[in-house]
Amino acid sequence: MSRQELADAMDAELMARPLPAAAVSVLGEWLAGTGAPYATGTGAHAVTYVPERWSGVPSWPERFPERSLTATATVSRAQVTDAVREAVRGGRWSEALVASYVWGQGRIGYGPHRLKEILAEPNTPHVLAEAASALRDDGAVAAYRGLRGAVTGLGPAFFTKFLYFLDLAADVPAAPRALVLDQRVAHVVRAHATRVGREAGLPSASETAAWIWTDGGWTPHRYERYLHWVATASGQLASAGIGWPEDSPDLLELALFDGVWDPAS
């Protein structure tokens, strides 16, 4: 089998058995415990940041605290969604990106400097507006394709956050839903794909999984596979009798990001 044929076979196996019984059990325990606040939606999930550190960033969302604040603040997914919705209604695309970027960056040091460089690119607002149109008209993968490599410094780990909140803020969400894909989530899926590939008897399972589930730079095809796998796995969880809510792919994304399930264990 060629490298691509192995990749296609691994994708097929991953869709045929999205989650093992051990994962369903662990995720159910998490939902009944520390994940309980998100059982009716991920809107309460919040991150911490320091507003003052973002003082040099233009297009600050009106709903966010003043950037004179030197103490730690929190911002939830619900608050970012509201900020993005307001910004989009006013055609303030850079502001919508800032809201999602601050949430995604949290307190990591290099975020404000990188975001200023992204916003300084003259084509950034146009690219973001085009992505919104693509998301609305053609879906999440088309929007991903339009953003990939379009703005220097804006990679998929952050522009998928923009797409995720843009989708939440829309009157009609995309199908499949736009979701965040970053390095931490990709690592979990890579470990799972490796295990599934080995169980299926695929040669070079570890190397194939590492090739398709890299640390970044994912192709639109890979993003599409990710969205469909998460949707399928979420459906499996919803029908498993563990109280997992219907139509909640971002709940699984949150759990994977938080390391609730380790496929390698």
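About the cut-offs
Residues numbered from 1 in each chain as written. Predicted model: local features only at pLDDT ≥ 70, side-chain atom pairs only at ≥ 80, totals over all residues. Heavy atoms only, no water. Helix = DSSP H or I, 4+ residues; strand = E, 2+ residues; numbered from the N terminus. Expected span 1.5 Å × (residues − 1). Buried < 20%, exposed > 50% of the residue type's maximum accessible area, 1.4 Å probe, protein only. Arc of directions from axis to C-beta. Phe/Tyr/Trp six-rings, centres within 6.5 Å; stacked < 30°, edge-to-face > 60°. Lys NZ or Arg CZ within 6 Å of the ring centre and 35° of its normal. Salt bridge = Lys/Arg side-chain N within 4 Å of Asp/Glu carboxyl O. Contact = heavy atoms within 4.5 Å. Axes fitted to C-alpha atoms, helices over the stretch in contact; angles between N-to-C directions. Parallel < 35°, antiparallel > 145°, perpendicular 65-115°, else oblique. Nonpolar A, V, L, I, M, F, W, Y, C, P; charged D, E, K, R; others polar.

**Q** Any chance you could explain helix α3 (residues 77-89) here in plain terms?
**A** Helical geometry note: an α-helix holds 3.6 residues per turn, so side chains three or four residues apart project in the same direction. Between its first and last C-alpha atoms α3 spans 18 Å; for 13 residues at 1.5 Å apiece the expected length is 18 Å, and the two agree. Of the residues making up α3, those classed as buried are R77, V80, T81, A83, V84 and A87. For α3, the angular spread of buried residues about the axis comes to 165°, placing them on one side. Where α3 terminates, the next one or two residues include G91, which has phi positive at roughly 70°.

**Q** How should the packing of aromatic side chains be read in this particular structure?
**A** With the rule as written, the count across this model stands at ten aromatic pairs. Summarising the aromatic geometry, the rings of Y144 and Y223 are spaced 4.4 Å apart at their centres and angled 15° between planes, so their arrangement reads as stacked. Of this pair, Y144 sits in helix α7 (residues 140-147) while Y223 sits in helix α11 (residues 220-238), placing them 79 residues apart in sequence. As far as burial versus exposure is concerned, Y144 and Y223 are alike and both buried. Put simply, the rings of Y144, F159, Y223 and Y226 pair up and form one aromatic cluster. In this structure, R184 packs its charged tip against the face of F257, placed 3.9 Å from the ring centre.

**Q** What is the right way to read the pattern of salt bridges from this model?
**A** Close approach of charged atoms lets side chains of opposite charge pair. In the structure shown here, the tally under the stated rule is twelve salt bridges. Residue R17 is joined to E13 by a salt bridge in which the shortest nitrogen-to-oxygen separation is 3.2 Å. According to the relative accessible area criterion, R17 is partly exposed, its value standing at 30%. Residue classification places E13 among the partly exposed positions, given a relative accessible area of 24%. Two residues, R92 and E95, come together in a salt bridge whose shortest N-O distance is 2.8 Å. Residue E95 is classed as buried on the basis of its relative accessible area, which comes to 7%. Sharing partners across several salt bridges, the network here consists of E13, R17, R195 and E199.

**Q** Please clarify how the environment of V98 should be interpreted in this entry.
**A** Turning to its location among the elements, V98 is positioned in helix α4 (residues 93-105). V98 gets classed as buried once you look at its relative accessible area, which sits at 0%. Beyond its immediate sequence surroundings of up to four residues, V98 is in contact with V57, P58, S59, W60, P61, L115 and L119.

**Q** Help me understand the side chain of T194, please; the structure alone is not making it clear to me.
**A** You can see T194 is positioned in helix α9 (residues 183-199). Overall, the relative accessible area of 10% leaves T194 in the buried class.

**Q** Just to check I follow, could you spell out the packing of α11 against helix α12 (residues 249-257) for this structure?
**A** Between two packed helices, both the angle of their axes relative to each other and the distance between the axes serve to describe the pair. Relative orientation of the contacting elements α11 and α12 amounts to 100°, with a least axis distance of 8 Å. Taken as axis vectors, α11 and α12 run roughly perpendicular relative to one another. Two secondary-structure elements touch here, α11 through Y226, W229, V230, A233, S234 and L237 and α12 through P249, L252, E253 and L256. Looking at the contact of α11 with α12 residue by residue, the class counts come to eight nonpolar, one polar and one charged.

**Q** Would you explain the environment of G28 in this entry?
**A** The topology assignment puts G28 in helix α2 (residues 21-32). Taking relative accessible area as the criterion, G28 reaches 10% and is therefore assigned buried.

**Q** Would you mind showing me how to read unusual backbone geometry here?
**A** Residues other than glycine predominantly adopt negative phi, and peptide bonds predominantly adopt the trans conformation. The residue after A175, namely P176, is reached through a cis peptide bond having omega 0°. With respect to the helices and strands, P176 occurs in the loop between α8 (156-169) and α9. The backbone of S204 sits at a positive phi, close to 55°, despite the residue not being glycine. Mapped onto the fold, S204 is located in the loop between α9 and α10 (205-212). Among the residues examined, S204 registers a relative accessible area of 42% and is labelled partly exposed.

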